[in-house]
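Listed below are the residues making up each chain.
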Amino acid sequence: MVGAPQEGGWLFWRLLACGRRSGGRQRQVLLFLVCVCVWQSGAERLRYSVAEEMERDSFVGNIAEELGVAPSQLSARKARVVSEGKEQLFRLDPSSGVLTVKESLDREEICPQSATCTLYFKIFLENPLQLMRGEVEVRDVNDNSPVFPVKEMVLEIPETTLTGSRFPLENARDRDVGINGLQNYSLEANPHFSVVLGTKKDGEKYVELVLDRQLDREEHRELNLLLTATDGGSPPRSGTARIRIVVLDANDNTPVYDRDIYEVRVDENSPSGQLVVRVLAADPDEGSNGKVRYAFTQTPEETRQLFDLDPETGEIRISGNLDFEEVKSHEMVVKATDGGGLSAHCKVQVEVLDVNDNAPEIAVTSVSASIAEDAPPRSVVALLSVRDRDSGENGRTECWIDGDLPFSLTPTFENYYEVRTTAALDRERRAEYNISVRARDWGRRRLSSREVISVQISDVNDNPPEFSREVYTLWVVENNSPMVRVGSVSARDADAGSNARVTYRVSGEEGEERPCVSVNSASGEVYVVRALDYEEVRALEVSVVAADGGSPSLSAQAVVRVVVRDENDNAPVVLHPSPESRVWWGEVVPRGSPSGYLVGKVVAVDADAGQNAWLSYEVWKATEPGLFRVGLHSGEVRTARAVSERDASRQRLVVLVRDRGQPPRSATATLGIALVDGFSDARWRGGEDEAAEAAAGSESESDSEGPLTLYLIASLACVSALLVATGVAAVVAKVRGARAESLPTFPAAVSESTAGSLPRSYVYDICFAGGSVNSEFRFLRPLLPCFPAGLPPGPGEQRSSVCSQEATNLGEEGDWAAQVRQRVCDEVMALGWGSL
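Residues numbered from 1 in each chain as written. Predicted model: local features only at pLDDT ≥ 70, side-chain atom pairs only at ≥ 80, totals over all residues. Heavy atoms only, no water.

A. Looking closely at the overall build of the protein. A tally of regular secondary structure across the protein gives eleven helices and 50 strands. Buried residues in the protein amount to 42% of all 836 residues. Pairs at least 24 apart in sequence give 68% of the contacts found in the protein among residues at least 6 apart. In the form shown here, the protein has an accessible surface area of approximately 43,800 Å², with 49% of it arising from carbon and sulfur atoms. (Helix = DSSP H or I, 4+ residues; strand = E, 2+ residues; numbered from the N terminus. Buried < 20%, exposed > 50% of the residue type's maximum accessible area, 1.4 Å probe, protein only. Contact = heavy atoms within 4.5 Å. Areas by Shrake-Rupley, 256 points an atom, 1.4 Å probe, with all protein chains shown as cover.)

Here it is, written out as structure tokens:
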């Protein structure tokens, strides 16, 4: 009953069962490739055999048992059976794996002109797409008896007919085949005739009546015989027909055809009434014995419905629709009979030529509703078949995909094609493809057809979020309230669904200090958590992470820079003179100093920035209001007029330092100025305490420096005479030039990076005028300030330590003289006269 699948198919199904039990997607892909290899190497079909006329839902075979798989696997993979042709003849129960017939099968209706009747089917499974072929042979049963086309055959035979003459008879037709078909003819017993059985080239049997004994019309004017046709079934079936033989008088000439076989070629779909051929038989007799009439004999009924024979002219014309795909050739026997009853026969063979009248048929067997965008190239999307009912070049087809799409057609076996991907897919570029598959034959008039397959591309999380900017700069005013919103960040994800849902967070590891900036996880709004002080923090930078909702999640980072804007919340701080100083008069001005004489400098800083740190100076209080003035932006204190003898020797000056903030803030600095007549006077007016401090400092320094001090004093004594003798004139000129020089001023504006004006130190040369009783202390030129290591003081810092350096060009003088000069300056500075 069943032909089991061969070794290749058995191996495929065993591997398939193992792949399904393993459940791994990679194993399924591997098994699918093995499946394709088995098919392409010529795997055998499932073969079954059933008898015709079986009842509906009769058992054909058990697919699950034959393939060695559980029925549940067939059901899970949506197994289904598809018959070739328009009508579905079989049914597959996925729950049991049993294959049954849908209706009773009649072999004579399904395969009317075939010795064997084989029905082909295919079994399709999904996930992945797989195909198995099978065939069912419909066995013939003896359910049809031989039937003669006529119940009575009339033969007119002249009495002069020679013995051994043969007369073709109408053949009986048995729709069964093989042993159940027509096997034998028999004639009832008579003294004149017998029958002989012959076989044509195509295997069809025919019967002829043979004259064994010459007829005598005077003895028998007419004979009636019974012809029986018997098949080979068990039990055998039979059919009968009557032969009525009319004995004619002598007619010595029979019709003669110009040829025994007429071979004709006719295109299919030729119009009705078209002439096919004209047969011609001539009879030399005269009268009715020479008049010939034509008729079909030994011609199937189906052929007689397609052709008409004119009995007078012998013209054979088309009366039906010739279809090459149904019948490729027709054979007819034409009998020509004269008026005397003599006849002759000829054969007419009509070959039907194929015409390209059928367009290719595209049948989509299975298609995937969607495919993931990360599917690898060569992934199977759909399975289809292309069939053209024509033959030869008319039936040869080519198939392709319209347009530039990432899909291709791959032939599998026979006329089946797989639609596969050729490149990586990207749902963000295109979410759906309408694949237009075209098929065209190779006929002279080429016919084509088209089928559209829609494929959806499912999303995969392959795109990380993208921020609109790499760096977000946001502003906040210092002293802000906690949790104030300063702006927002935004990121977009090109994916769809949960893969495109973006959440935000501030980057950082667990246990790290919580940053001052937070971000809303859903909206991306940025908040400052606590109040900020511009003087402590000028700007904050945090990394914000945007992560999508895919699995695994993808993320991106952007830098959020929160810049703190300054408020005028800091008053200026005076660095010089020091607010803690108890010296009443720290500045010494010689009497007789002209207007514009530099007295000192007020140094102040403001921890704010920008306009809030721009400082201005003005005289707020003074012992003598018109004696001194202060530079508006530099803080330099200069004489407003020449110092006279009438001015008080002690002057108190209060300077107001004000910033430009809104509202402005201010501070005051108090300067004590001593008006002196000369150097000695200035020293002793400095006070006993200051002299004691200077002496203690000098003694301490002298003890620490050790022998170096002795060397310096000795050197000083040696060169003093030389300096006095040779440099009096030069020193006097230099002193006069220094008095005429305009002293430098601080710039009017202060940059934002420098929070306030910085102090400038001055280094003074000590000059002794020859012949003067009291040496005068002169300011010659300012030198650049020297700060300790670490650059000028920044905002918020109050550095009051200012060091001075000797500005004498060592290249102009000898190293030894320069060292002596420097030492003299250091001694003077140690006494407290040159410090600011």
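That was the structure; now back to the text.
B. Quick peek at the sheet that holds strand E6 (residues 98-101). Pairing is antiparallel across the open sheet formed by three strands, whose spatial order is E3-E6-E5. Since the sheet does not close on itself, it has two edges, and those belong to strand E3 (59-62) and strand E5 (90-93), each with one partner. Averaged over neighbouring strand pairs, the angle between their axes works out to 20 degrees when direction is ignored. With three bridges joining them, E3 and E6 adopt antiparallel strand pairing. Note on E6: the bridge partner recorded for Gly61 is Leu99. (Pairing = 2+ DSSP bridges. Axes fitted to C-alpha atoms, helices over the stretch in contact; angles between N-to-C directions.)

C. Region of the structure containing the side chain of Asn612. Residue position: Asn612 is located in the loop between strand E45 (603-605) and strand E46 (615-622). Accessibility expressed as a relative area gives 13% for Asn612, which makes it buried. At 3.0 Å, the side chain of Asn612 forms a polar contact with the side chain of Asp566. For Asn612, the contacting residues outside a window of four places in its chain are Asp566, Glu567, Asn568, Asp606, Asp659, Gly661 and Gln662. (Polar contact = N/O pair within 3.5 Å; in protein donor to acceptor, adjacent residues only side chain to side chain.)

D. Molecular detail of the confidence of the model for the protein. Averaged over every residue, the pLDDT of the protein is 77; residues scoring 70 or more account for 76%. Every residue in residues 1-13 scores below 50 in pLDDT, and together they form 29 contacts with partners more than four places removed in sequence or on other chains. Low pLDDT (under 50) marks residues 15-24, which in the prediction has 16 contacts with non-local residues, meaning those over four places away or in another chain. (pLDDT = per-residue confidence, 0-100.)

E. Structural view of unusual backbone geometry. Cis geometry is adopted by the peptide bond preceding Pro235, which originates at Ser234 and carries an omega value of 0 degrees. Among the secondary structure elements, Pro235 is positioned in the loop between strand E14 (222-231) and strand E15 (238-248). Residue Pro663 follows Gln662 across a cis peptide bond; omega there is -5 degrees. Mapped onto the fold, Pro663 is located in the loop between strand E49 (650-659) and strand E50 (666-676). At Gln298, a residue that is not glycine, the phi angle is positive and equals roughly 50 degrees. Residue position: Gln298 is located in the loop between strand E20 (293-297) and helix H6 (301-304). The residue Glu414 is not glycine, and still its phi comes out positive at about 50 degrees. Position of Glu414 among the secondary structure elements: in the loop between strand E29 (407-411) and strand E30 (416-421).

F. The sheet that holds strand E12 (residues 193-199), seen in detail. Spatially, the three strands line up as an open sheet ordered E10-E13-E12, and their pairing is antiparallel. If you trace the sheet from one side to the other, it starts and ends with strand E10 (166-168) and E12, each paired once. Pairs of neighbouring strands in the sheet enclose a mean axial angle of 35 degrees, with direction left out of account. Sheet topology places E10 next to strand E13 (residues 205-211); three bridges connect them, and they run antiparallel. By the bridge assignment for E13, Arg166 is matched with Val210.

G. Spotlight on the pattern of salt bridges. According to the stated counting rule, one finds 28 salt bridges in the structure shown. Between Glu398 and Arg440 there is a salt bridge whose closest N-O contact spans 2.9 Å. Of this pair, Glu398 sits in strand E28 (residues 397-401) while Arg440 is found in strand E31 (residues 432-441), placing the two residues 42 residues apart along the sequence. Exposure remark for Arg440: the relative accessible area of 29% places this residue in the partly exposed category. (Salt bridge = Lys/Arg side-chain N within 4 Å of Asp/Glu carboxyl O.)

H. Spotlight on the packing of aromatic side chains. By the definition in use, this model includes eight aromatic pairs. Taken together, a centroid distance of 6.4 Å and an interplanar angle of 35 degrees make the contact between Tyr48 and Phe121 tilted. Pair noted here: Tyr48 is in strand E2 (residues 46-51) and Phe121 is in strand E7 (residues 118-125), with a separation of 73 residues, a long-range link. Residue classification places Tyr48 among the buried positions, given a relative accessible area of 3%. With a relative accessible area of 1%, Phe121 lands in the buried category. Seen in terms of ring centroids, Phe148 and Tyr185 are 6.1 Å apart; in terms of plane orientation they differ by 55 degrees. Their pairing is tilted. Here Phe148, found in the loop between strand E8 (130-139) and strand E9 (152-158), pairs with Tyr185, found in strand E11 (residues 182-187); they are 37 residues apart in sequence, far enough to count as distant. (Phe/Tyr/Trp six-rings, centres within 6.5 Å; stacked < 30°, edge-to-face > 60°.)

I. Quick peek at the environment of Pro376. Inspection of the secondary structure assignment puts Pro376 in the loop between strand E26 (370-372) and strand E27 (380-387). For the pair Pro376 and Thr422, spaced 46 residues apart in sequence, the C-alpha separation works out to 8.7 Å.

J. Summary view of the pairing of E7. Of all eight residues in E7, six are buried, a share of seventy percent or more. Judged from the eight bridges that link them, E7 and E8 form a sheet pairing that is antiparallel. Bridging across to E8, Phe121 finds its partner in Gly134. The loop that links E7 with its antiparallel partner E8 comprises four residues; one of these, Asn127, has a positive phi angle of about 55 degrees.

K. Molecular detail of the environment of Ala669. Residue position: Ala669 is located in strand E50. Taking the C-alpha atoms as reference points, Ala669 and Val574, 95 residues apart in sequence, are found 6.5 Å from one another. Excluding residues that lie within four positions of it along the chain, Ala669 makes contacts with Val574, Pro577, Val602, Leu653, Val654 and Val655.

L. Main features of the pairing of strand E24 (residues 343-353). Only one face of E24 is covered, namely the face carrying Ala344, Cys346, Val348, Val350 and Val352; the face carrying Ser343, His345, Lys347, Gln349, Glu351 and Leu353 is uncovered. When strand E17 (residues 261-267) meets E24, the two strands line up parallel, connected through seven bridges. If you follow Asp267 over to E24, its bridge partner there is Leu353. In terms of strand pairing, strand E23 (residues 329-337) meets E24 through nine bridges, oriented antiparallel. Bridge assignment links Glu331 to a residue of E24, and that residue is Gln349. A loop of five residues connects E23 with E24, the two strands running antiparallel in sequence, and Gly341 in this loop sits at a positive phi of about 95 degrees.

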